[in-house]
Amino acid sequence: MLVSHSAGLAAEAVALARGIAGEQVPIAAAGGADGGGLGTSFDLIEAAVGAVQQGDGVLLIPDLGSSVLTARLLVDPGRVVLADVPFVEGAVAAAVTSGAGAPLAQVLAAAEEARTFRKG
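Conventions we followed
Residues numbered from 1 in each chain as written. Predicted model: local features only at pLDDT ≥ 70, side-chain atom pairs only at ≥ 80, totals over all residues. Heavy atoms only, no water. Buried < 20%, exposed > 50% of the residue type's maximum accessible area, 1.4 Å probe, protein only. Helix = DSSP H or I, 4+ residues; strand = E, 2+ residues; numbered from the N terminus. Pairing = 2+ DSSP bridges. Expected span 1.5 Å × (residues − 1). Contact = heavy atoms within 4.5 Å.

Participant: Whenever I open this one, the pairing of strand S3 (residues 58-62) confuses me. Can you help?
Facilitator: Strand residues, when the strand is regular, have side chains that alternate between the two faces of the sheet. Of all the five residues making up S3, five are buried; the element is thus mostly covered by neighbouring parts of the structure. Burial along S3 is two-sided: Val58, Leu60 and Pro62 facing one way and Leu59 and Ile61 facing the other are all buried. Pairing of strand S1 (residues 2-4) with S3, which is carried by two bridges, proceeds in the parallel orientation. Counterpart to Leu2 in the pairing with S3 is Ile61.

Participant: I tried to follow helix H4 (residues 87-99) on my own but got confused; where do I start?
Facilitator: For an α-helix the count is 3.6 residues per turn, leaving residues at separations of three or four pointing the same way. With 13 residues, H4 extends 18 Å between its outermost C-alpha atoms, agreeing within 8% with the 18 Å of an ideal straight helix rising 1.5 Å per residue. Every buried residue of H4 is listed here: Phe87, Gly90, Ala91, Val92, Ala93, Ala94, Ala95 and Thr97. Of the surrounding elements, those touching the buried residues of H4 are S1, helix H1 (7-21), S3 and helix H5 (104-113). A positive phi of about 90° marks Gly101, the residue just after H4.

Shown next, in the form of structure tokens:
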């Protein structure tokens, strides 16, 4: 699940991850403030967690700053975990791994491995 200050950024990152990993991957965007605009919303994040929860746990990937702080409020060890990973690369790696049926710990590990991807 992607948590961003921007609803548009979160939605586009979800679209990219789904485009690569497949439409069946349970991934959601929680971006922006409650009334729109930039910001973060506990309620939007909580609703998105509920939307993607399938009993195997949920990985939260926040972008920066207050989205990290807000996402931390929903952490529930073993059920909802926070990933300290690059936003786009971590999202794609997590989506691909989740789409392959991996458990939460492996999805988190794949997202964390994205930190080491070289671009040149």
